[in-house]
Amino acid sequence: MTILVPGANCMGIYEATETGVLVDAADYYRAFHQAASQARHYILLAGWQFDSDVRLLRGADNPEGTGEVRFIRFLEELCEKTPELEIYLLAWDFSAFFALEREWFQDLIFNWSSHERIHFRFDNVHAAGATHHQKFAIIDGQVAFVGGMDICSSRWDDRAHLETNPDRIDVNGSPYGSYHDIQSYQTGPVVKVLLDIFVERWIDSGAPGLTLPTADLPISLDLSNAFPMPVSRVAVSRTRAVVPKTDRREVFEIRRLFIDAIMAADKLIYLENQYFSSQAIYWSLISRMALPNRPRLQIVMMLPDRLPPSEEVFLGLPQVKMVRSLQQVAEKTGHVFSVYSSTALIDDGTRKMTFIHSKLLLVDDRFLTVGSANATNRSMGLDTELNVSWEADDSQPELVNAIRTLRCSLLAEHAGLLGSSEEDRFETVDDLTTRLDTLADDHRARLCRYTADPALVNSDWPETLEPVGKIVDPDHPVDSEFVFEILSKYETAVFAKGILKLSKLIIGI
């Protein structure tokens, strides 16, 4: 059963010269630094968040004589070195709710305190209540990176995910916990498709059009740590709600892609994500498990053990309920549904979570999609999102092997077995969850079973605030009428006013 259908769950399937996956920010930041260092004409960056002082290279990647490695200083150095170079950054104009997590006065830092050929814009041209969540970079129209990683503070980590790492410090010099993420790389004609998406958003933000010269020199990448996909075609999928004051129509390709991939699964569904609250994905999993004449599935999810407090109430509770429900459906229908987290083991026997920020869906080792889309309602229908996908047919065993190799490496990473001779224990799909459960039950292992926060489950507050989750994680634009409809469920006017203020902070209405 073919999954990718241009015009339905992807905007198209495009030619690529090189295409593949980079795991964790150490490898992505290194690849970006290498590619950007060769830029002759332009660098385009779109993100949910940027930080000017984040270090791109650390540890062994940053020997003496490397030059500037802090983000904005690195960009300034490139402009000084290459007179023709123009750099364009497009960031979501975030709501006040995220103010404490962001670098303040970025437009001044990038536009007024840096090189004149560095152009920074906040972008707030999107549907009501939406965010710009796409994360991609393009260098000279030759190389593109698409995925879940922003170039910002507290995201860098390597695949060892050590409990303590002297290189894992934020822009203020403070240590932070281990962090897992995924990005893709692309070269060839598909880069032009991604370039057009950036230019479209740049113009919609109110900026003048861009004149981008054709690059005449190829860019070389050291992809020794990458996971190349041995195929010459890659699909591009988007999410976008209707954008006011533009002629941009709504696009729900990623939602359709997830539904189609889940319904096509015969053996294995493997999902890594920061969240799990999407009604579309939840009901697709139930629908697939309910089909009586289809093979039994193993459904494996890798989720963070805990969310930040500001997100736990509104997104954690739906996640807990959905996980419980899917476990019950799997038991009744004969499927296997298992959810895990990954942690670092501390000397006193306690566990310290590795935060899962990746956005990946893999089916039967023959289909893979990565990108910016979370498994949330808003990523499926409201925010701007961007994913790339690969699908193998019967004549492409090399691509199947490549996707399987990535899956085994990811599972080994989460289990603390990366680089060991035990990575091949994950190759066979049959009884995969049995082998994962054995690791999760070993208290010396990093893999552990996902468990809901008892404070979340036992408290009355999450139930009270649950209606607000429809404002925080909607699958459609949020206007004042919708907010007041939700708030009408509260009997206490003072409490409802407080929730209204909170909602305004979160979604910026």
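Below you will find a few notes about this structure. Every value quoted in this text rests on a predicted model; they were computed, and no experiment measured them.

So, the overall build of the chain
Here is step 1: Within the chain, the regular secondary structure consists of 14 helices and 21 strands.
Here is step 2: Looking at the chain as a whole, 58% of its 509 residues are labelled buried.
Here is step 3: In the chain, the proportion of contacts linking residues at least 24 apart, taken out of those at least 6 apart, comes to 76%.
Here is step 4: Accessible surface for the chain amounts to roughly 20,600 Å². Of this, 52% is attributable to carbon and sulfur atoms.

Some thoughts on the sheet that holds strand S10 (residues 227-228)
Remark on secondary structure: sheet strands pair via backbone hydrogen bonds, oriented parallel or antiparallel.
Here is step 1: In spatial order, the strands read S5-S4-S3-S6-S7-S9-S2-S10; together these eight strands make up an open sheet with mixed pairing. Edge positions in the sheet fall to strand S5 (118-123) and S10, since each has one partner strand and no second.
Here is step 2: Across four bridges, strand S3 (residues 42-47) lies against strand S6 (residues 136-139) in antiparallel orientation. Counterpart to Ile-43 in the pairing with S6 is Ile-139.

A short note on the packing of aromatic side chains
Here is step 1: Applying the stated rule across the entire model yields ten aromatic pairs.
Here is step 2: Relative to Trp-202, the ring of Tyr-88 has its centre 5.3 Å away and its plane inclined at 80 degrees; by these criteria the two rings are edge-to-face. With a gap of 114 residues between them, Tyr-88 in strand S4 (residues 86-92) and Trp-202 in helix H4 (residues 190-204) connect regions that are remote in the sequence. A single burial state applies to Tyr-88 and to Trp-202, both of which are buried.

Examining the nonpolar core
Here is step 1: Grouped together as the largest cluster of nonpolar side chains are 62 residues, with contacts concentrated most on Met-229, Leu-368, Trp-390 and Phe-426.
Here is step 2: Among the elements that make up this core, the one with the highest residue count is helix H9 (residues 397-415) (ten residues).
Here is step 3: What Phe-426 contacts, discounting residues up to four positions off in sequence, is Arg-407, Cys-408, Leu-411, Ala-412, Ala-415, Leu-417, Leu-432, Arg-435, Leu-436 and Leu-439.
Here is step 4: Grouped together as the second largest cluster of nonpolar side chains are 39 residues, Leu-45, Leu-78, Ala-91 and Tyr-176 included.

Side note on the pairing of strand S7 (residues 143-147)
Put simply, side chains in a regular strand alternate between the two faces of the sheet.
Here is step 1: Taken across its five residues, S7 has five buried, putting it largely inside the fold.
Here is step 2: Here S7 shows two buried faces, one formed by Val-143, Phe-145 and Gly-147 and the other by Ala-144 and Val-146.
Here is step 3: Pairing between S6 and S7: four bridges, direction antiparallel. Paired with Ala-137 across the two strands is Phe-145, which belongs to S7.
Here is step 4: Where S6 hands over to S7, the hairpin turn is made up of three residues, of which Asp-140 adopts a positive phi near 55 degrees.
Here is step 5: Bridge count for S7 against strand S9 (residues 182-187) is five bridges, and the pairing is antiparallel. Across the sheet, Ala-144 pairs through a bridge with Gln-186, a residue of S9.

Reading the values: the criteria
Residues numbered from 1 in each chain as written. Predicted model: local features only at pLDDT ≥ 70, side-chain atom pairs only at ≥ 80, totals over all residues. Heavy atoms only, no water. Helix = DSSP H or I, 4+ residues; strand = E, 2+ residues; numbered from the N terminus. Buried < 20%, exposed > 50% of the residue type's maximum accessible area, 1.4 Å probe, protein only. Contact = heavy atoms within 4.5 Å. Areas by Shrake-Rupley, 256 points an atom, 1.4 Å probe, with all protein chains shown as cover. Pairing = 2+ DSSP bridges. Phe/Tyr/Trp six-rings, centres within 6.5 Å; stacked < 30°, edge-to-face > 60°. Core = buried A, V, L, I, M, F, W, Y, C linked by side-chain atoms within 4.5 Å.

Don't take any of this as a statement about function, it's just geometry.
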